[in-house]
Protein chains: 2
Amino acid sequence: MVRQTKENAELTRQRIIEAAREVFLSRGVSRTSIEQVANQAGVTRGAVYWHFSDKKALFSAMREQVILPLIDRIDENILNENNDDPLGKIGDFLYGTIRALDESAYTRQTFEIMMVKCEYVEELTELLEQTLCNCERIAKKIEQLYERAKTKGQLNPSDSPAILAMDTHLFFSGLMHLWVKDLDSKHYRNQAADLITNHINLRRK
Amino acid sequence: MVRQTKENAELTRQRIIEAAREVFLSRGVSRTSIEQVANQAGVTRGAVYWHFSDKKALFSAMREQVILPLIDRIDENILNENNDDPLGKIGDFLYGTIRALDESAYTRQTFEIMMVKCEYVEELTELLEQTLCNCERIAKKIEQLYERAKTKGQLNPSDSPAILAMDTHLFFSGLMHLWVKDLDSKHYRNQAADLITNHINLRRK
DNA sequence: TTGTTTACATACATTATTGAATGTATATTA
DNA sequence: TAATATACATTCAATAATGTATGTAAACAA
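Residues numbered from 1 in each chain as written. Chains lettered and ligands numbered in written order. Predicted model: local features only at pLDDT ≥ 70, side-chain atom pairs only at ≥ 80, totals over all residues. Heavy atoms only, no water.

Chemist: Can you tell me about the packing of helix α8 (residues 161-181) of chain A against helix α8 (residues 161-181) of chain B, naming the residues and giving the values?
Modeler: In the contact formed by α8(A) and α8(B), the axes pass within 6 Å of each other and the chain directions differ by 90 degrees. In terms of orientation, α8(A) and α8(B) fall into the roughly perpendicular class. Contacts between α8(A) and α8(B) involve A:Asp167, A:His169, A:Leu170, A:Phe171, A:Ser173, A:Gly174, A:Leu175, A:His177, A:Leu178 and A:Lys181 from the first element and B:Asp167, B:His169, B:Leu170, B:Phe171, B:Ser173, B:Gly174, B:Leu175, B:His177, B:Leu178 and B:Lys181 from the second. When its residues are assigned to classes, the contact of α8(A) with α8(B) shows 8 nonpolar, 8 polar and 4 charged. (Axes fitted to C-alpha atoms, helices over the stretch in contact; angles between N-to-C directions. Helix = DSSP H or I, 4+ residues; strand = E, 2+ residues; numbered from the N terminus. Parallel < 35°, antiparallel > 145°, perpendicular 65-115°, else oblique. Contact = heavy atoms within 4.5 Å. Nonpolar A, V, L, I, M, F, W, Y, C, P; charged D, E, K, R; others polar.)

What follows is the structure, given as structure tokens:
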């Protein structure tokens, strides 16, 4: 097998990304060699180097496959201008993100790689900055929803949307981290919904 | 220089740990070779291997130097049974931890290494579990303080200490992560105190 | 004072990994 | 249908990293 059709080439590209996820997950990004990825994908290093210039490009591709849909969710969710429970909407949005991790193994695994199986140094530091940037966008969106909640009278009048949003943002960052690290589902994964509900209810007037 | 006194040997051991922290910080744990650490410390690989069996032992030693004092803080802080502002005490405890990072460069750098410059795979997974375990202890301590706050009537009676504690625990996990990653102090580091104060005030009756 | 251990330095053998260069059969295109 | 670009496989050259083994001079103990 020497030259594939375009479609097949795209399939092998995907196979390589999947293989990378599997090997990254068990060995960590730094310790995996291109050859290990190639073996796992059933190709040679030549194929991997054809599709990706180096390990960073491969890692970025894997990362974008799960990040981009999640970013889209942020914007989608904000479009829905008129709803009479903005506060509940915040909870829905947060839990929707957790559900995305729960329902998709490759999303979950990719997050695990990004959070605890990758070292953000040199070329990779920009990826960490991107992540921070995405967090900012989520925080902004949450703040907008809190503002609507305030006008709807759902909040305690003494609480400002900006402060509530920041608090929720930090809460959710912590939840994501602990959820991902809670591999045996003992402490966080199985009660994420309740944790979010409780967090939101603490704000309800 | 071939054989040092015991005291000097301990000094070189410390120099090696410091060197490791510097190199880990700039290159990440996986990418740093023992030789790079040795060069940074002004010794040869022989010295490093004499003091530490391998890179994991070196990393663990570096980690414990900052973790153990923080763990001690947890217990110290709980001893102080009688105080009439348990809620404020929670804020103090959280901010004290942040201050520890702020005031000690090596503590801050070690946290940065542990959080974004280390891959938790194979031999290192147990270190991640230890961290989770320490988080649990903090959460328990916070819950106890919330219970005292409840009996003191500081809380809204409809809020349970367990739920508040979990929420604070997640908030603080998120804050720690974002604080550490906020290298240019733009978003989190310079307002950590306010974030904590606001978080606590959201609970005040 | 002598023997022994310590605290390293040096040397060695082995293996892993990389990027690039080159080869090649097949899709694709004109 | 011939020319060319594609999608890989194979080979090459070079380096980097590891753990261990051995050397050694000074510290320490008796």
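Once you've had a look at it, read on.
Chemist: Please give an account of the pattern of salt bridges that cites residues and values.
Modeler: Residues and elements named next belong to chain B. Within this structure, the stated rule accounts for 14 salt bridges over all chains. When the shortest N-O distance is used, the salt bridge between arginine 204 and aspartate 85 registers 3.9 Å. Of the two residues, arginine 204 is situated in the segment after α9 (192-201) and aspartate 85 in the loop between α4 (55-79) and α5 (86-103); the sequence distance between them amounts to 119 residues. Classification of aspartate 85 by relative accessible area gives partly exposed; the value is 32%. Residue glutamate 103 is joined to arginine 99 by a salt bridge in which the shortest nitrogen-to-oxygen separation is 3.5 Å. One end of the pair is glutamate 103 and the other is arginine 99, both in helix α5 and 4 residues apart, which spans about a single turn. The exposure class assigned to glutamate 103 is exposed, which follows from its relative accessible area of 62%. Here arginine 99 falls in the partly exposed class, since its relative accessible area comes to 37%. (Salt bridge = Lys/Arg side-chain N within 4 Å of Asp/Glu carboxyl O. Buried < 20%, exposed > 50% of the residue type's maximum accessible area, 1.4 Å probe, protein only.)

Chemist: How would you summarise the interface of chain A and chain B if you had to cite specific residues and measurements?
Modeler: Taken together, the contacts link 42 residues of chain A with 42 residues of chain B. Joining chain A to chain B, the criterion identifies 2 salt bridges. A salt bridge links B:Arg31 to A:Glu123, with the nearest nitrogen and oxygen atoms 2.9 Å apart. Applying the counting criterion to the chain A and chain B interface returns 19 residue pairs in polar contact (both at pLDDT 80 or more). (Polar contact = N/O pair within 3.5 Å; in protein donor to acceptor, adjacent residues only side chain to side chain.)

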